[in-house]
Amino acid sequence: MNYIAMEVFCEWKDQPILHDEDGWDGMYKTYGEMWEGEGYMIDRTKSLNEVYKNEELFYYCNACGDINIPGTDPWGFHDVDELPRSARELYENYWMEGAGLCMYVVEYKCEKAMAVTALFDYGYREDLLTEGISLTDEEFFSAVKNVAIMYRNAFRYETLVGENTDLDGHEIVFIVPASACDTVRDFTGFVGDRIYKDFETECRKIMKEKEG
């Protein structure tokens, strides 16, 4: 990885870490040899496939900001005034398009939140071939999973990993609780600037291991 969180790995509490006095960059440092040791790869992510199967996640809007209301036609037009109050507050105060990754207002396990999503599409895998990175389907998803583990352990937001959950590929979904949404836009931009670089580094690592 290009970056790794510093002290946030130490205590393993289950509350989100927002940022320190130096901002988001203050949570990161060059990882060197640390990535492989001290429990940094403990998997605390959850399966987005299982979350969907158990109907634990509802989207109040899509990535373009179109409103979705439970029990209505998902293709119908809805006004923001139709949203539940807590969802409307998140939508009006925090949702935005073009923040670095896709943002959604959601209900996750009966709690309103923002979902920040990174898509790793099949075309991306083909693009990596031009850089000499040839991965199987399993290896490509393994790289997605490893990056999700890193970011979950760094920021401690609930992190959901979806295998083929989008028509175009795999997904990592960060659930940012309403109480932490004051920084959701900064978080989205910060992660959007880094996550695909870290992913490509992980892909190269997998290639290197294959080649011995």
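Residues numbered from 1 in each chain as written. Predicted model: local features only at pLDDT ≥ 70, side-chain atom pairs only at ≥ 80, totals over all residues. Heavy atoms only, no water.

**Notes on the pattern of salt bridges**
- Applying the stated criterion across every chain yields a total of 9 salt bridges.
- With a closest N to O distance of 3.2 Å, Lys46 and Glu158 form a salt bridge. Pair noted here: Lys46 is in strand β3 (residues 46-47) and Glu158 is in strand β7 (residues 158-166), with a separation of 112 residues, a long-range link.
- Among the residues examined, Lys46 registers a relative accessible area of 33% and is labelled partly exposed.
- What emerges from the salt-bridge pattern is a single network uniting Asp81, Arg88 and Glu92. (Salt bridge = Lys/Arg side-chain N within 4 Å of Asp/Glu carboxyl O. Helix = DSSP H or I, 4+ residues; strand = E, 2+ residues; numbered from the N terminus. Buried < 20%, exposed > 50% of the residue type's maximum accessible area, 1.4 Å probe, protein only.)

**Comments concerning the pairing of strand β5 (residues 102-108)**
- Of all 7 residues making up β5, 5 are buried, and the element is well covered by its neighbours.
- Here strand β4 (residues 57-59) runs beside β5; their pairing, made up of 3 bridges, is antiparallel. What sits directly across from Phe58, in β5, is Glu107.
- Connecting β5 to the next strand, strand β6 (residues 111-121), in antiparallel fashion are 2 residues, including Lys109 with a positive phi near 50 degrees. (Pairing = 2+ DSSP bridges.)

**A few points about the side chain of His78**
- Checked against the element boundaries, His78 lands in the loop between β4 and α2 (85-93).
- Assessed through its relative accessible area of 12%, His78 is described here as buried.
- Here Thr72 takes part through its side chain, which lies 3.0 Å from a polar atom of the side chain of His78.
- At a separation of 3.2 Å, a polar atom in the side chain of His78 contacts the side chain of Glu82.
- In contact with His78, not counting residues within four places along its chain, are Ile67, Ile69, Thr72 and Asp73. (Polar contact = N/O pair within 3.5 Å; in protein donor to acceptor, adjacent residues only side chain to side chain. Contact = heavy atoms within 4.5 Å.)

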